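What follows is the residue order along each chain.
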Amino acid sequence: MARHGLCMMLLAFICRSSGQEALNPLFRSKRIQESVGSDSSDCLSSATRPQISPNSPNFSMDLRMPGVIPSDSDTYLCMAFPVPTRHTLYVVDFIPRASMNTVHHMLLFGCRTPVSTDDYWDCGSGRGTCEDKSSILYAWGRNAPHKKLPKDVGFKVGQNSGVSYFVLQIHYGDASAFQDHHKDCSGVTLEMTSTPQPFTAGIYLLGSVGTVIHPGNIVTNADVACDYTSHTIHPFAFRTHTHRLGKVVSGYRIRNGEWTLIGRQSPQLPQAFYPANHDVDVQYGDTLAARCMFTGEGRTTETYIGGSSNDEMCNFYMMYYMDSKHAIPFMTCMKHGSTRLFQHIPAEANIPIAVSPENMNSMMHMGHSTGLQDSTSDADTTGEEQAFDQDIHLEQDTIWPQNSLQLGQVSGLAIDSDSNLVIFHRGDHRWGSDSFDSQATYKQRFLGPIQQSTILVVNPDNGNILKASGRNMFYLPHGITTDKDNNYWVTDVALHQVLKVSSDGDDRILLSLGEAFTPGSDFNHFCQPTDVAVDYETENIFVSDGYCNARILKFSADGRYLSQWGAGSSDRRRRIPFRIPHSLAFVPGRNEVCVADRENGRIQCFIAQTGEFVKEIKKEEFGESVYAITFSPTGGEDGVIFAVNGKSASGTSPPPIGFAIDYATKDILDTFSPKKKEFEMPHDIAVTQNGSIFVGDATTNTVFKFTAEKAHRSVKKAGIEVQELEEIETIIHTKVTPQHNMSRTSAVQQKPYLSQHLKPQEKEKKILTKPNKGQGLQPVVITVLLLIPLLLVTSIGVFICWRKNNQYEVKSETSAVGGILGKIRGKAVGSLNLGNFFASHKGYSRQGFDQLSTEGSDQERNDEESSESENEEYSARPPPPPSSS
């Protein structure tokens, strides 16, 4: 009886423990390991409970099916996972762990109360996913690659988010994939952080529920449209989803009757989130619309919208971000679009997208200008971006300008719509310690306005002055920019004004903001304003104000005040005010305004529409100050910011330099500085479309030009050090290949931001280089010169043989000649490389000689057993092979 009672107690304890594990998903890890078995080792990673370290805010969490075997096709299985903490977390990345060989598609929901917390369940039989309202966080299908969210964007989960559980839903389309009875542990890995994100991500789903595709119909359209009635959202990615009959799915924003594409894709390509049109935002009063184009060809019965693989679906997922204060994680639109509305849809919505293996591959590895990037980009980079500063470097063009510009203090630079450089300088006025009183009032009005032309339009190629204006208008010029009509927007720190000036030479003031010579801090006054940025699309302007105030002001094109803001911070408890917002740059692709916060030595960027803080770039290399910035949309992951810093107050820091900074990663791609003299006070910077950089120095009254130059470096080939002599801005890589007679111009590589700026005619000019002419002439001359010693050696050999034959009565003289020539051939043929020969002499390049290499020398062998004397003794050159060109 004692044994029986002990057994009963032990059995009850085991049952109780098992029940606790079944009720609490956090105890599921051990059960998963036991149920998966050795053939499902991939599931083991999901058995680890996420470890949240108090020292790091970042961690990963695996959500996996626990080794399931679907018995029927079109099975939907779900499994719930609790958010691993009660505090607020942010999902910043989704890494799929699935293959379309077994999984048709996969969705991740967020909700408070899932249907079950015990185990996985069949969620396609009416039970669903959640008891309460759910939101879609992620979607995957057709081997879509891993994509990253933009920086500073995350899906909010945990406390006060409405998401206490993740529910993983997997659609297993074909049960025959499990004939071998393997256990599936597909799922997704979440990268999470407890660091608050400035922007909250969400998904807007447009879907059709009532479409019927009739058999044989070539085209059937499913149209969906809804009015948008919430806070502004910024789409950054989209995903399309249909089954086999879908040809193309398109999503649009409609504003004032104008259709603007958000995204368009074939649903037969990997169903990833692809980059959205980065120029689109969605505001209150806009309409969101989507069309799925199907074909009924090949079908004999009607096809309806449904959950099985024989049914169809019409879904357009739009992933967006919005200000965290107004965040809405999930929105839907299932309303049929009216025929009247969709009669204006662009024709592209009914043009199928061809799907080929090449397109499939390219789509899986496409880049993204908004920060959405392929997860393999870091590993697959071929060196163009990784070796940026090794191969291309900004160097000063020391012969620019060709003639003296006769400048005063250079305060501002800009590039007009004709790609000309615009210089704003102070003529014979200078900003000194006696220019202002303690109230920032200008004390030198008695000097009158500057009589010289303060605005010069200059040819960026040679520095010749094309146009001069701005006489008798300004007292202490500071910043300048141009709008799309080539009008000048300038600031004058003595006038405390922002002026819009015509560029037609008449010096007409088209608009003035602020009161002349009157500093102030209200909406109608400035205090030494520094710079202006213009949004070409909205024509709104942004003013950095300035030396006395610490703010950015926004005005409409007609000068109407709109808003203002100060410095930003990701940590509101440690917000540091601006200390001279000195320079502005508008980032058109992201509709952001970046500010050079001079005395804080940092760059801050804000959403142009709202003034909300986006990011800060602060580098140790900047030192104490950042004087000026400009932006180029070409290069890097999301464009490049060019910046210049200043000298430290103590004067002990290195001289100022220029920086090229990847906007997305904040990495410094390159630095640059003058060759002959140092920067003293680099006050402004501008970049042209072809990548030339101009820096204006207010102390030396100089404008410097920098262009892309191939880095000079020594390389070793076959043990011989070769100095590569390469031309400025040349982007041709000369390579010696192991294939005989291969053209030396083997690759043209474009670098992140510099070579992409080259104009087509410039690129063509670089490719058609002068050595082509030399390749036809030089081999002939060299061959003639080499034949002379060969004939001399042959003659000597014949003479020696003749003497030996007469003296020792050797039988045949031809054998001796053959012996020497054979010895010559044995050592020379296959080992001579004229490229190596000339490159080993200082001052020579191997260009033009590689085609003379023989078969053996192309392999650039180095016979260590032979001495230098042997190689030199038998150095006769064989006749060159026929030219391939």
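Not measured: the values here are computed from a predicted model.

1. Remarks on the nonpolar core
Argument step 1. Grouped together as the largest cluster of nonpolar side chains are 89 residues, with contacts concentrated most on Phe 94, Leu 108, Phe 166 and Tyr 204.
Argument step 2. A per-element tally of this core places strand β20 (residues 315–323) first, with 7 residues.
Argument step 3. Of all hydrophobic cores here, the second largest spans 20 residues; its members include Ile 455, Val 457, Val 490 and Leu 499.

2. Side note on the pairing of strand β29 (residues 497–501)
Along a regular strand, successive side chains alternate from one face of the sheet to the other.
Argument step 1. In terms of burial, β29 is largely enclosed, as 5 of its 5 residues are buried.
Argument step 2. Residues Gln 497, Leu 499 and Val 501 of β29 are buried on one face, and the alternating residues Val 498 and Lys 500, pointing to the opposite face, are buried as well.
Argument step 3. Inspection of the sheet shows strand β28 (residues 488–492) paired to β29 by 5 bridges, in the antiparallel sense. In the sheet register, Trp 489 faces β29, and the bridge partner there is Lys 500.
Argument step 4. From the end of β28 to the start of β29, which pair antiparallel, there are 4 residues, and His 496 there has a positive phi angle of about 60°.
Argument step 5. Pairing analysis gives 4 bridges linking β29 to strand β30 (residues 509–513), with the strands arranged antiparallel. Looking at β30, one finds that Val 501 is bridged to Ile 509.

3. Quick notes on the state of the cysteines
Structurally, a disulfide amounts to a covalent bond that connects the sulfur atoms of two cysteines.
Argument step 1. Considering all chains together, one arrives at 6 disulfides under this definition.
Argument step 2. Paired by a disulfide, Cys 226 and Cys 333 hold their sulfur atoms 2.1 Å apart. Judged by the sign of its S-S torsion, about 90°, the bond between Cys 226 and Cys 333 is right-handed. Note that Cys 226 is positioned in strand β13 (residues 220–227) and Cys 333 in strand β21 (residues 330–333), a separation of 107 residues in sequence.
Argument step 3. Exposure remark for Cys 226: the relative accessible area of 14% places this residue in the buried category.
Argument step 4. In this structure Cys 333 comes out as buried when scored by relative accessible area, which is 1%.

4. A look at the sheet that holds strand β16 (residues 258–265)
Argument step 1. Taken together, the 4 strands give an open sheet; going across it, the order is β13-β18-β15-β16, and neighbouring strands pair in antiparallel fashion. The open sheet is flanked by β13 and β16, the only strands paired with a single partner. This sheet shows a mean twist of 20° between the axes of neighbouring strands, independent of strand direction.
Argument step 2. Pairing of β13 with strand β18 (residues 287–294), which is carried by 8 bridges, proceeds in the antiparallel orientation. Bridge pairing links Asn 221 to Met 293 in β18.

5. Quick notes on the pairing of strand β27 (residues 477–482)
Argument step 1. Buried residues dominate β27, accounting for 6 of its 6 residues.
Argument step 2. Pairing between β27 and β28: 4 bridges, direction antiparallel. Counterpart to Pro 477 in the pairing with β28 is Asp 492.
Argument step 3. Count of turn residues in the β27/β28 antiparallel hairpin: 5 residues, of which Asn 486 carries a positive phi of about 70°.

6. Regarding unusual backbone geometry
Argument step 1. Cis geometry is found at the peptide bond from Trp 400 to Pro 401, where omega equals -10°.
Argument step 2. Despite not being glycine, His 496 has its phi angle at roughly 60°, a positive value.
Argument step 3. By the secondary structure assignment, His 496 is in the loop between β28 and β29.
Argument step 4. Residue Ile 580 is not a glycine yet carries a positive backbone phi of 70°.
Argument step 5. With respect to the helices and strands, the residue Ile 580 is situated in the loop between β34 (561–565) and β35 (581–587).

7. Some remarks on the side chain of Asn 486
Argument step 1. In this structure, Asn 486 sits in the loop between β27 and β28.
Argument step 2. A polar contact is formed between the side chain of Asn 486 and the backbone nitrogen of Ser 417, at a distance of 2.9 Å.
Argument step 3. Excluding residues that lie within four positions of it along the chain, Asn 486 makes contacts with Asp 416, Ser 417, Asp 418 and Ser 503.

8. Some remarks on the packing of aromatic side chains
Argument step 1. Using the criterion set out here, one finds 30 aromatic pairs in the structure.
Argument step 2. Judged by centre distance (5.7 Å) and plane angle (75°), the ring pair of Tyr 172 and Phe 178 falls under edge-to-face. Both residues of the pair, Tyr 172 and Phe 178, count as buried.
Argument step 3. The interplanar angle of 85° and the centroid separation of 6.1 Å between the aromatic rings of Phe 631 and Tyr 663 together place this pair among those described as edge-to-face. In this pair, Phe 631 is assigned in strand β39 (residues 626–632) and Tyr 663 in the loop between β41 (658–662) and β42 (668–672), connecting sequence segments 32 residues apart. Neither Phe 631 nor Tyr 663 differs from the other in exposure class; each is buried.

9. Some details on the pattern of salt bridges
Argument step 1. Per the counting criterion, the structure on display carries 13 salt bridges.
Argument step 2. Residue Arg 255 is joined to Asp 281 by a salt bridge in which the shortest nitrogen-to-oxygen separation is 3.0 Å. With Arg 255 in strand β15 (residues 246–255) and Asp 281 in the loop between β17 (274–275) and β18, the pair connects residues that are 26 residues apart, well separated along the chain.
Argument step 3. For Glu 680, the salt bridge goes to Lys 647, with nearest N and O atoms at 2.7 Å. Of this pair, Glu 680 sits in the loop between β42 and β43 (682–687) while Lys 647 sits in the loop between β40 (640–645) and β41; the two residues are 33 residues apart in sequence, bridging distant segments of the chain.
Argument step 4. Each member of the salt-bridge network shares a partner with another, and the members are Arg 253, Arg 255, Asp 281 and Asp 286.

10. Concerning the environment of Ser 692
Argument step 1. Tracing the sequence through the fold places Ser 692 in the loop between β43 and β44 (693–697).
Argument step 2. Residues Ser 692 and Asp 397 lie 295 residues apart in sequence; the distance between their C-alpha atoms is 9.6 Å.
Argument step 3. Beyond its immediate chain neighbours, meaning those up to four positions away, Ser 692 contacts Ala 686, Val 687, Lys 705, Phe 706 and Thr 707.

11. What about the confidence of the model for the protein?
Argument step 1. Confidence in the prediction of the protein, expressed as mean pLDDT, is 76, and 69% of residues score 70 or more.
Argument step 2. Scored below 50 in pLDDT, residues 1–42 makes 38 contacts in the model with residues more than four places away or belonging to other chains.
Argument step 3. Note on residues 44–48: pLDDT under 50 across the span, and 8 contacts to partners over four residues away in sequence or across chains.

What counts and how
- Residues numbered from 1 in each chain as written.
- Predicted model: local features only at pLDDT ≥ 70, side-chain atom pairs only at ≥ 80, totals over all residues.
- Heavy atoms only, no water.
- Core = buried A, V, L, I, M, F, W, Y, C linked by side-chain atoms within 4.5 Å.
- Buried < 20%, exposed > 50% of the residue type's maximum accessible area, 1.4 Å probe, protein only.
- Helix = DSSP H or I, 4+ residues; strand = E, 2+ residues; numbered from the N terminus.
- Pairing = 2+ DSSP bridges.
- Disulfide = S-S within 2.5 Å.
- Axes fitted to C-alpha atoms, helices over the stretch in contact; angles between N-to-C directions.
- Polar contact = N/O pair within 3.5 Å; in protein donor to acceptor, adjacent residues only side chain to side chain.
- Contact = heavy atoms within 4.5 Å.
- Phe/Tyr/Trp six-rings, centres within 6.5 Å; stacked < 30°, edge-to-face > 60°.
- Salt bridge = Lys/Arg side-chain N within 4 Å of Asp/Glu carboxyl O.
- pLDDT = per-residue confidence, 0-100.

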